[in-house]
6 protein chains.
Amino acid sequence: MPFVNIKITNEDVTPEKKAELIKGATELLKNVLGKNPATTVVVIEEIDTDNWGIGGETVTQRRKNGK
Amino acid sequence: MPFVNIKITNEDVTPEKKAELIKGATELLKNVLGKNPATTVVVIEEIDTDNWGIGGETVTQRRKNGK
Amino acid sequence: MPFVNIKITNEDVTPEKKAELIKGATELLKNVLGKNPATTVVVIEEIDTDNWGIGGETVTQRRKNGK
Amino acid sequence: MPFVNIKITNEDVTPEKKAELIKGATELLKNVLGKNPATTVVVIEEIDTDNWGIGGETVTQRRKNGK
Amino acid sequence: MPFVNIKITNEDVTPEKKAELIKGATELLKNVLGKNPATTVVVIEEIDTDNWGIGGETVTQRRKNGK
Amino acid sequence: MPFVNIKITNEDVTPEKKAELIKGATELLKNVLGKNPATTVVVIEEIDTDNWGIGGETVTQRRKNGK
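Residues numbered from 1 in each chain as written. Chains lettered and ligands numbered in written order. Predicted model: local features only at pLDDT ≥ 70, side-chain atom pairs only at ≥ 80, totals over all residues. Heavy atoms only, no water.

Engineer: How would you sum up the side chain of Glu57(F)? Please name residues and give values.
Structural biologist: Inspection of the secondary structure puts Glu57(F) in strand E4 (residues 57-58). For Glu57(F), a relative accessible area of 14% translates into the label buried. Setting aside anything within four residues of it in sequence, one finds Glu57(F) in contact with Ile22(E), Trp52(F), Arg62(F), Asn65(F) and Lys67(F). (Helix = DSSP H or I, 4+ residues; strand = E, 2+ residues; numbered from the N terminus. Buried < 20%, exposed > 50% of the residue type's maximum accessible area, 1.4 Å probe, protein only. Contact = heavy atoms within 4.5 Å.)

Put into structure tokens, the structure is as follows:
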């Protein structure tokens, strides 16, 4: 019954990679806490690099500055 | 003043259906807890079926397998 | 498979009221979008009035000022 | 280490305005609580006006009705 | 830079189990997408069983009914 | 009408500091995007240091190790 929300920057993540994340997060909850995979929900949200900030600047700015 | 966030898979939900969800959620908070509709916020997020997982696999995979 | 998150101020909401919210939100998703109740998850979060702001002030302040 | 999530309606917010929001939110956390900007994350989510409700109706409806 | 939010029911999860979840989720993002652990944030939220609903009823009710 | 969610570690933040955060976030949205303070909602969530992870370990562990 757990709910896992993964937010990442939107940078061409393939459906295969997303499937791996979902499988891995579901197994993690099963292995650590014994949670039932059948009712474990994982939602991935992809955020534009203009909309993600760290260190007070957007990821778009950081990439331009070689960070 | 409540805040309601509804996450659903992105599958051609019409503006009319979204308006119904918003109206219904707002009324629910009013009827059960007496919350003022004027300050009740409802946000619907539509998630790609590649990005939604349940049972350890994506909804895209489940649909292909007839689940 | 929808996920509904309801945030409200923490003001002695009874377990019965919470059960009503969960039942009502689940039925709303079923009636409007045909979603399966068995996999509809509803999570209620109760937020201290010191931690909830609207109009630039906390709900605690607003209550003191008779708003 | 704080995490700030800003949800706004999707109405042509420029990358410059988003950068200002991210800078401002990061400084707020630094000024008020002494949080380290280097690990402060800000995520902006833009929500379609069909998907945002207040007062029991969508923002799209409200705009049509001149609200 | 990813942000992972794990919501589970509040049922005596030990600090050790929480540390395992955080380590596992961080490694998952590193292994699948090459994300830097140093800026990967994981937040666990524990929700009272009265406040978590599935199948239209609270987890508290389900436990009483032997589900 | 914006919604701002601020997650921070739970470390004795006073009601006065919380009020400052709420005022500051509301003004930021007004100054940058012209948003109406009357319908701007800010919710602060305080997370136990056992439940917050960065760099693959909990904040509790990091504090012990002098990080």
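Engineer: Describe the interface of chain E and chain C, with residues and values.
Structural biologist: Listed per partner, the contact involves 13 residues of chain E and 16 residues of chain C. For the pair chain E and chain C, the two sides together bury roughly 1100 Å², of which 57% comes from carbon and sulfur. For the chain E face of the interface with chain C, the top three residues by lost area are Lys7(E), Asn51(E) and Gly56(E), together amounting to 41%. Linking chain E to chain C there are 1 salt bridge. Put simply, Lys7(E) and Glu45(C) hold a salt bridge, and the shortest N to O gap is 3.4 Å. Breaking the side of chain E that touches chain C down by element, the ones donating at least two residues are strand E2 (41-47), strand E3 (52-54) and strand E4 (57-58) of chain E. Grouping the constituent residues of the side of chain E that touches chain C by class yields 3 nonpolar, 6 polar and 4 charged. Across 3 bridges, strand E2 (residues 41-47) of chain C lies against E3(E) in antiparallel orientation. What sits directly across from Val42(C), in E3(E), is Gly53(E). (Buried area = accessible area lost by both parts, 1.4 Å probe. Salt bridge = Lys/Arg side-chain N within 4 Å of Asp/Glu carboxyl O. Nonpolar A, V, L, I, M, F, W, Y, C, P; charged D, E, K, R; others polar. Pairing = 2+ DSSP bridges.)

Engineer: Which residues make up the relation of the copies chain A and chain E, and what values go with them?
Structural biologist: Aligned on chain E, chain A shows an RMSD of 0.0 Å; the corresponding rotation is 180 degrees and the shift along the axis is 0.0 Å. Here the symmetry operator amounts to a two-fold rotation axis. The C-alpha atom lying nearest the rotation axis in chain A is that of Asn5(A); the distance is 2.5 Å. Comparing contact sets, 100% of the residues at the interface of chain A also lie at the interface in chain E, consistent with an isologous, same-surface contact. (Least-squares fit on C-alpha atoms with pLDDT ≥ 70 in both.)

Engineer: If you had to explain the environment of Lys64(C) to someone new, which residues and values would you point to?
Structural biologist: With respect to the helices and strands, the residue Lys64(C) is situated in helix H2 (residues 59-64). By relative accessible area, which is 70% here, Lys64(C) ends up exposed.

Engineer: An account of the interface of chain A and chain E is requested, with residue identities and associated values reported.
Structural biologist: Residue-level contacts link 26 residues of chain A with 26 residues of chain E. Approximately 2100 Å² of surface area, both sides summed, lies buried where chain A meets chain E, with 75% of it carried by carbon and sulfur atoms. When the area that chain A buries against chain E is broken down by residue, the three leading residues are Met1(A), Leu28(A) and Val32(A), summing to 27%. Summed over the shared surface of chain A and chain E, the number is 0 salt bridges. Between the two partners, chain A and chain E, sit 7 residue pairs in polar contact (both at pLDDT 80 or more). Broken down by secondary-structure element, the contributors of at least two residues to the side of chain A that touches chain E are strand E1 (3-9), helix H1 (15-33), strand E3 (52-54) and helix H2 (59-64) of chain A. For the side of chain A that touches chain E, the element with the highest residue contribution is H1(A), accounting for 9 residues. (Polar contact = N/O pair within 3.5 Å; in protein donor to acceptor, adjacent residues only side chain to side chain.)

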